[in-house]
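Residue strings, one per chain:
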Amino acid sequence: MGVQEKTLNEHVARYVLSGTSCVCAAMVTNPIDVIKVRMQLDNELRESGKAVSALRERYYQGFVRGSFTIARDEGIRGLYKGVFPSILREASYSTIRLGSYEPMKELLGATDPAHTPLWKKILAGATSGAIGSSIATPTDLVKVRLQAERRLPPGVQPRYRSTFHAFGEIWHTEGLRGLYRGIGPTVQRAAILTASQIPSYDHTKHAILNAGLMEEGFPLFCVSAMVAGFITAFVTSPVDVIKTRIMNQASKHLPRDQWLYRSSLDCLLKTLRSEGPFGLYKGFIPNWMRIGPHTIVTFLIFEELRRLIGMKAM
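For the structure given in this document, a descriptive report is provided here.

Reading the values: the criteria
- Residues numbered from 1 in each chain as written.
- Predicted model: local features only at pLDDT ≥ 70, side-chain atom pairs only at ≥ 80, totals over all residues.
- Heavy atoms only, no water.
- Phe/Tyr/Trp six-rings, centres within 6.5 Å; stacked < 30°, edge-to-face > 60°.
- Helix = DSSP H or I, 4+ residues; strand = E, 2+ residues; numbered from the N terminus.
- Buried < 20%, exposed > 50% of the residue type's maximum accessible area, 1.4 Å probe, protein only.
- Expected span 1.5 Å × (residues − 1).
- Bend = angle between axes of the 7 residues up to and from the residue.
- Salt bridge = Lys/Arg side-chain N within 4 Å of Asp/Glu carboxyl O.

The next point concerns the packing of aromatic side chains. Inspection of the entire model under this criterion finds 7 aromatic pairs. The interplanar angle of 5 degrees and the centroid separation of 3.9 Å between the aromatic rings of Y201 and F299 together place this pair among those described as stacked. Placement of the pair is Y201 in helix α8 (residues 183-211) and F299 in helix α11 (residues 284-308), with a sequence separation of 98 residues. For Y201, a relative accessible area of 0% puts it in the buried group. Look at F299 and you get buried, because its relative accessible area is 1%. Seen from their ring centres, F230 and W288 are 5.0 Å apart, and the 75 degrees between their planes marks the pair as edge-to-face.

Note: α-helices contain 3.6 residues per turn, so residues at a spacing of three or four share the same orientation. The terminal C-alpha atoms of helix α6 (residues 118-148), which comprises 31 residues, lie only 37 Å apart, well short of the 45 Å expected from a rise of 1.5 Å per residue. The largest bend along α6 measures about 65 degrees and falls at A136, with the proline P138 one to four residues further on.

Before going further, it helps to examine the pattern of salt bridges. Scanning the model with the defined rule gives 26 salt bridges in all. For R151, the salt bridge is made with D73, and the minimal N-O distance between the two is 4.0 Å. Of the two residues, R151 sits in the loop between α6 and α7 (163-179) while D73 sits in helix α3 (residues 62-74), which places them 78 residues apart along the sequence. A relative accessible area of 53% places R151 in the exposed class. In this structure, the salt-bridge partner of K243 is D140, at a minimum N-O distance of 3.3 Å. Linking K243 in helix α9 (residues 218-248) with D140 in helix α6, this pair joins segments that are 103 residues apart in sequence. Of the two residues examined, K243 and D140, each falls in the buried class.

Treat this as a map of the structure, not an account of what it does.
Take a look at the structure:
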């Protein structure tokens, strides 16, 4: 086998393994994602100056009680709303962002994984995340809208009957622009998330290895993934709230000047005015509880699959 053919096969394998590991992680963490979305939309834009009461009078009172509330109102199926578009999203967006990370590093001149400067990792992560999310925004939009729908009163029809009905309805009523609503904050979040998640995992892992504190293996993967999960959740929570709200807002048959949010900046300012800084960190715990396990499952499966097919560790 020639060098070029071997390199091509490695790239193809990397993308396949990236998608597989991320899809597995999404299936495990979907209930946490539903709780996060509900908490981010809870008491949205309460009357200005009543940020404290908006926090106290939430319907979903925290991560644990919120999960019981959803299970009580909608059954266990309620915690798996949006799981299919979530899988579609991971199979597209995450395949690209994780699969492109290492080739992007190499394009920046990073040939030694153990001693690559952090800025190159961050730039590679931001670029691959932005590319992946710009392509996969429609799947993210449908996921958010399905997950956001609470229990409906008797006789009231759901906003969308299924994933494919959602795609069709949005295309029919809002057009192509409707499917890409929120692409700005989505790309911003993806760039920030990938620039913090993958490089922090990569950098933590190699810092521990270089210091001789641990050896390559399961415990090292777990430690590195949990560090990456916390950093990612803290950095991305504000932009994640903005993304969720813009994607979920009702804009059907409404002129642009009547939209609840006209842009990411408009959403940011309105949220700060009505809910204070804490409004930008609504759903932080489930966000961390999702990103932490998601990161662990993703990288454990990714690294193990690489080992099984003979690829070197990340």
